Amino acid sequence: MTRKMVTTCEKGKLAESLIRKDKSALIDATGIYYRDLNSLLRSLDSEGIEKIQICNVYGQRYIGTNLDNHLRIDIYGTPGNDLGAFMNGANITVHGNVQDACGNTMDHGQIVVHGRAGDLVGHSMRGGKIFIRDDAGYRVGIHMKEYVSKRPIIVIGGTAQDFLGEYMAGGVLVVLGLNMKGEIRHNARFVGTGMHGGKMFIRGEVRHVGEEVTITDLTEEDTLLLKGLVEEFCGYYDLDAEKILENKFNKLIPVSSRPYGNLYAY
Amino acid sequence: MKSYVCPEYIVERDPDRCIRCKVCVNQCSYDTHCYDEEDDCMLSKSENCVNCQRCATFCPTQAITIRPNPNHYRSNANWTQEVLTGIKKQAETGGVVLTGMGCDKPNLTYWDRLLINASQVTNPSIDPLREPMELRTYIGSKPDKLDLETVKGDGIILKTKLAPQLQLETPIMFSAMSYGSISINVHKSLARAATEAGTFYNTGEGGLEKSLYKYGDHVIVQVASGRFGVHPDYLDAGAAIEIKIGQGAKPGIGGHLPGEKVTEEISKTRMIPLGTDALSPAPQHDIYSIEDLRQLIYALKEATDYTKPVFVKIAAVHNAAAIASGIVRAGADAVVLDGIRGGTGAAPRITRDNVGIPIEMALAAVDQRLRDEGIRNKASVIAAGGIKSSADVLKAIALGADACYIATAALVSLGCTVCQKCYTGKCPWGIATTDLWLTKRINPDIGAKRLAGLLRGWSLEIMEMMGGMGINAIESVRGNRLVLRGVGLTDKELEILGVRMVGD
C-alpha cells in the first residue's frame with residue numbers, strides 16, 4: 001500500500017488512515033480511539049518505521065508511551081493528557097497545544113511543543129527534555145528527579161502558574177517569560193515549595209517563592225548551561241537567543257537537600 | 001535541656017551467668033551495653049534500650065533480662081505513661097512523635113470477635129491430609145460471562161478474552177515494604193520465598209534493586225506519589241503494578257525516607273542523589289479525582305501493553321466503599337484495602353493510632369457495595385493491615401477478600417519483635433535498616449526458608465479449617481459470610497460485617 005507521501009498534515013481528512021513510505025508513516029487520527037492509535041504506533045515502531053506524522057489528533061492520550069525505539073513523531077492537532085507518559089526515547093514535536101501531564105514520569109526522549117501546555121508538565125520526570133513555546137499551567141516540573149547522568153530539562157517560553165517546581169528533587173527548569181510585556185514579573189506563587197534538589201532559571205522576577213527556596217545569581221557554569229538551553233529552545237522556534245539572554249535571570253535553588261530533617265521527636 | 005523522659009526499660013544482667021563475652025555489645029545498635037576494661041565488667045545504659053530482645057536472644061548464657069521500667073508514673077487510665085512520655089518528648093523537641101509498625105491499641109480488632117464454623121454430622125468434614133484441597137487463587141478482573149464454542153475435535157474452547165491474572169498457590173502475598181525502609185537482604189528473602197511458594201512480593205515504592213529483576217514473575221511493582229525508581233524497565237519487570245494511593249498506618253499523608261537512610265545502593269535504586277531526603281507527596285499530583293486515577297491506570301496499562309493487572313491500594317477510611325466502587329469503575333484489576341492496624345517504617349504516632357478504620361469493616365463494606373452495584377467480578381479485593389494468623393486470612397476471605405497481604409507477620413518470621421523503632425534505621429535484627437553492618441544479620445537463604453515456612457504453615461492451617469467446614473476449595477469460602485458468626489458485637493456491627501450472632 002505504498003502511496004505518495006503527504007508532507008504536511010494541514011490538508012484536512014486523508015483518504016486513508018495510514019499511509020506508509022519507506023521508513024516513514026502518516027496517520028490520520030480522525031475518529032481513532034487512543035488505544036488503537038497507540039497500538040498502531042507500537043506496531044509501526046516494531047516494524048522499524050523511524051518517522052511518523054499523525055494528523056487530526058483530537059485528545060488521544062498516552063501518545064509516545066511504550067515505544068521501544070527512538071521514533072520521531074510529529075503531531076498535528078491537540079494530543080490528550082499524559083503525552084509521553086513513561087516515555088523512553090521517542091522524539092515528539094507537537095504542532096499545537098498539549099493538555100495535562102505532558103511528559104509524566106518521562107524517562108528519556110524529547111517533546112517540543114509549538115503552543116502552550118496544561119498542568120503538570122514533566123511530573124516526576126527523570127530524564128529527557130521538554131520545550132514549551134508558550135505558557136504552561138500549574139505544578140510544572142513537580143518532583144523532577146536527577147541521578148548521575150540522567151538530568152531532566154524543561155524550558156517554558158512563556159510563564160507558568162503556581163507551584164512551579166514543587167518538591168523538585170533534581171533537573172533544570174527554565175522559564176523565559178517571552179510573552180510578557182514591560183517588566184517581566186511571573187505571577188506564580190509558591191514557586192519551588194518543598195524543593196530539595198535541582199535548579200530553576202527564571203528570566204525576570206518571581207512574585208512568591210516557597211520557604212524552601214533561595215534566590216541567587218548565576219555562576220559561570222550556570223550561565224553556560226542556560227545559554228546552551230536557550231539556544232536550543234530558540235533553534236526550535238526560530239527566536240533570537242542573544243536577545244533573550246540580555247535580560248537578568250534569577251536562579252532558584254533549595255536551601256537544603258533535607259528540608260524536613262527537624263520535624264520529628266525521636 | 002535536661003530530658004524529663006523516663007527510660008522505658010531496665011536492662012538486668014545476672015552477674016553469675018555473664019561471662020563478659022561482649023556479644024550484647026556487638027549486637028546492640030543502640031549502644032545499650034558496654035564493657036569497662038578497667039574494672040572488667042559489663043555496664044548497661046538502660047535509657048537507650050528499645051526492648052528488641054536482640055541481646056537477650058543472642059546472649060550465650062541467658063544472663064540478660066529486659067523489663068519495663070518499674071519507675072512508672074502514678075497509674076492513670078487517661079494520663080498513661082505513653083501519653084506523658086509523648087508530651088515530654090514533644091516539649092523537648094517541638095516535633096511530631098514518630099513510630100513504626102502498626103497501631104498497638106487493643107480496641108480496633110474485629111478478627112478475634114469473629115468465629116469460624118465447622119461441620120458436624122450433616123455435612124461431612126474433609127481431611128486435608130488425604131483429600132485434595134484447593135487454595136489456588138487468581139487475582140484480576142473476571143468477565144461478566146464466558147462465551148464458549150464447541151469445536152469439532154478440540155471439544156469446548158473459551159472465546160472470551162480474559163484480563164491478565166496473577167496465579168497464587170496460596171491466598172497470601174507479601175505486602176509493600178520499600179527498599180530503603182527495609183534492607184536488601186529482606187527484599188531478597190521475600191522475593192525468594194514468594195517464588196518458592198508460588199505467590200508474590202510487593203516492592204513498595206522504593207524501586208526494584210537490579211539483582212532482584214530475575215524474580216520479576218513473582219514481583220508486584222509499586223508506583224507511588226514519589227515515583228522513585230519508576231521507569232519502563234521497572235514496570236516491565238513485575239507481574240503486576242500497584243498504584244499506591246494510601247497506607248493503613250498513615251492514611252492521607254505522604255512518606256519521608258530521611259537522608260541518612262539514602263545510602264549509595266538506595267540512591268541507585270530510587271535514582272535520587274545520595275543523602276537527600278526521599279519525599280513522597282501526600283497525594284499523587286496527577287490524581288485529584290477518580291477520572292485522573294483512571295488516567296494513571298490506563299497510562300500504566302499502555303506502558304505495559306495491557307499484559308499486567310493494575311492494583312490500586314487505598315487506606316481503609318470512612319467512605320472506603322464508595323471510593324472502591326470508583327476504583328473498580330476506573331479500571332483497576334484489584335483493589336487493595338489497608339486497615340488501621342497496617343504497619344509502617346515511619347509514621348506520626350498520632351496518625352497511626354487515630355486515622356482510618358479497621359480492615360474488617362472496610363472489607364465487608366467494600367465487598368457488599370461492589371456486589372450491590374453488580375461489579376464485584378470486575379476487580380479482585382485484597383485485604384491488608386493487621387493480618388496476624390491464618391485464621392485472620394480465612395476470615396478475611398469469608399468477608400469477601402480474594403487474598404490477603406501480610407507484612408508485619410513476614411518480618412516477625414525473620415526475627416522482628418515489633419519494638420516499633422523502625423524509623424531509627426538502626427534495627428538490630430537487620431530488617432528496617434540500610435546500614436550494611438546490620439543488614440548482614442539477615443541471611444537471604446535462611447530468611448527465605450523462614451518466610452516460606454510461615455506461608456506453608458498458614459496454608460496448612462487454612463486447609464485444616466476449610467476441611468473442618470467440609471469445604472475443599474478456597475473459592476467456596478470467598479464472600480461466604482455464613483461460615484462466620486460474631487461474638488460480643490452490636491447489631492449494627494453485625495449488620496455491617498454481614499454476619500450473624502453466635503447461636504443465631
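Every value quoted in this text rests on a predicted model; they were computed, and no experiment measured them.

### A word on the interface of chain B and chain A
At the interface, 46 residues of chain B touch 41 residues of chain A. Each partner contributes to the roughly 3700 Å² buried at the junction of chain B and chain A, and carbon and sulfur atoms together form 57% of this total. Our count for the contact surface shared by chain B and chain A stands at 4 salt bridges. One salt bridge connects E302 of chain B with R42 of chain A, and the closest N-O pair in it is separated by 2.7 Å. The interface formed by chain B and chain A contains 24 residue pairs in polar contact (both at pLDDT 80 or more). Secondary structure elements with two or more residues in the side of chain B that touches chain A: α3 (81–93), β5 (96–99), α5 (232–237), α6 (264–270) and α7 (290–303) of chain B.

### So, the sheet that holds strand β23 (residues 500–501) of chain B
All names here are of chain B. With mixed pairing, 3 strands are arranged side by side in an open sheet as β6-β22-β23. Each edge of the open sheet is held by one strand with a lone partner, namely β6 (114–116) and β23. Judged from the 3 bridges that link them, β6 and strand β22 (residues 484–486) form a sheet pairing that is antiparallel. Bridge pairing in β22 places L115 opposite R485.

### Observations regarding the domain arrangement of chain B
Residue and element names in this part refer to chain B. Here chain B is described as being made up of domain 1 (9–72) and domain 2 (170–469). For domain 1 and domain 2, the distance between their C-alpha centres works out to 35 Å. The largest contributions to the domain 1 side of the interface with domain 2 come from S29, Y30 and R54, which together make up 52% of the buried area. Where domain 1 meets domain 2, there are 0 salt bridges. The tally of links from domain 1 across to domain 2 stands at 7 residue pairs in polar contact (both at pLDDT 80 or more). Elements represented by at least two residues in the side of domain 1 that touches domain 2 include exactly α1 (23–27) and α2 (54–58). The element best represented in the side of domain 1 that touches domain 2 is α2, accounting for 3 residues. When its residues are assigned to classes, the side of domain 1 that touches domain 2 shows 4 nonpolar, 6 polar and 1 charged.

### Digging into unusual backbone geometry
Residues and elements named next belong to chain A. In this structure, Y62 is a non-glycine residue whose phi angle is positive, near 60°. Tracing the backbone shows Y62 in the loop between β3 (51–58) and β4 (72–78). Non-glycine residue N66 carries a positive phi angle of around 60°. Residue position: N66 is located in the loop between β3 and β4. Classification of N66 as buried rests on a relative accessible area of 18%.

### Details of the nonpolar core
Side chains of a nonpolar character, in soluble globular proteins, are inclined to be buried together. Residues F174 and I431 of chain B are the most contacted members of the largest nonpolar core, which totals 117 residues. No other element matches helix α14 (residues 444–468) of chain B, which puts 8 residues into this core. Shared between two domains, this core holds at least three residues of each, these being domain 1 (9–72) and domain 2 (170–469) of chain B. In this structure F174 of chain B touches L190, A193, A194, F200, Y201, N202, Y405, I406, A410, L451 and L455 of chain B, once residues within four positions along its chain are discounted. By size, the runner-up hydrophobic cluster in this structure holds 50 residues, among which are A25, V94, A117 and I156 of chain A.

### Looking at the side chain of R139 of chain A
Mapped onto the elements, R139 of chain A comes out in the loop between β7 (129–132) and β8 (153–156). A polar atom in the side chain of R139 of chain A sits 2.7 Å from the side chain of E166 of chain A. Those residues in contact with R139 of chain A that sit more than four places away from it in its chain are L120, V121, D162, F163 and E166 of chain A together with H285 and Y288 of chain B.

### Quick word on the pairing of strand β5 (residues 88–95) of chain A
Residue and element names in this part refer to chain A. Sheet topology places β4 next to β5; 5 bridges connect them, and they run parallel. Considered in β5, the bridge of I73 is made with I92. Across 5 bridges, the pairing between β5 and strand β6 (residues 108–113) is parallel. Pairing of N91 across the sheet is with Q110, part of β6.

The rules behind each value
Residues numbered from 1 in each chain as written. Chains lettered and ligands numbered in written order. Predicted model: local features only at pLDDT ≥ 70, side-chain atom pairs only at ≥ 80, totals over all residues. Heavy atoms only, no water. Contact = heavy atoms within 4.5 Å. Buried area = accessible area lost by both parts, 1.4 Å probe. Salt bridge = Lys/Arg side-chain N within 4 Å of Asp/Glu carboxyl O. Polar contact = N/O pair within 3.5 Å; in protein donor to acceptor, adjacent residues only side chain to side chain. Helix = DSSP H or I, 4+ residues; strand = E, 2+ residues; numbered from the N terminus. Pairing = 2+ DSSP bridges. Domains from an automatic or database assignment. Nonpolar A, V, L, I, M, F, W, Y, C, P; charged D, E, K, R; others polar. Buried < 20%, exposed > 50% of the residue type's maximum accessible area, 1.4 Å probe, protein only. Core = buried A, V, L, I, M, F, W, Y, C linked by side-chain atoms within 4.5 Å.

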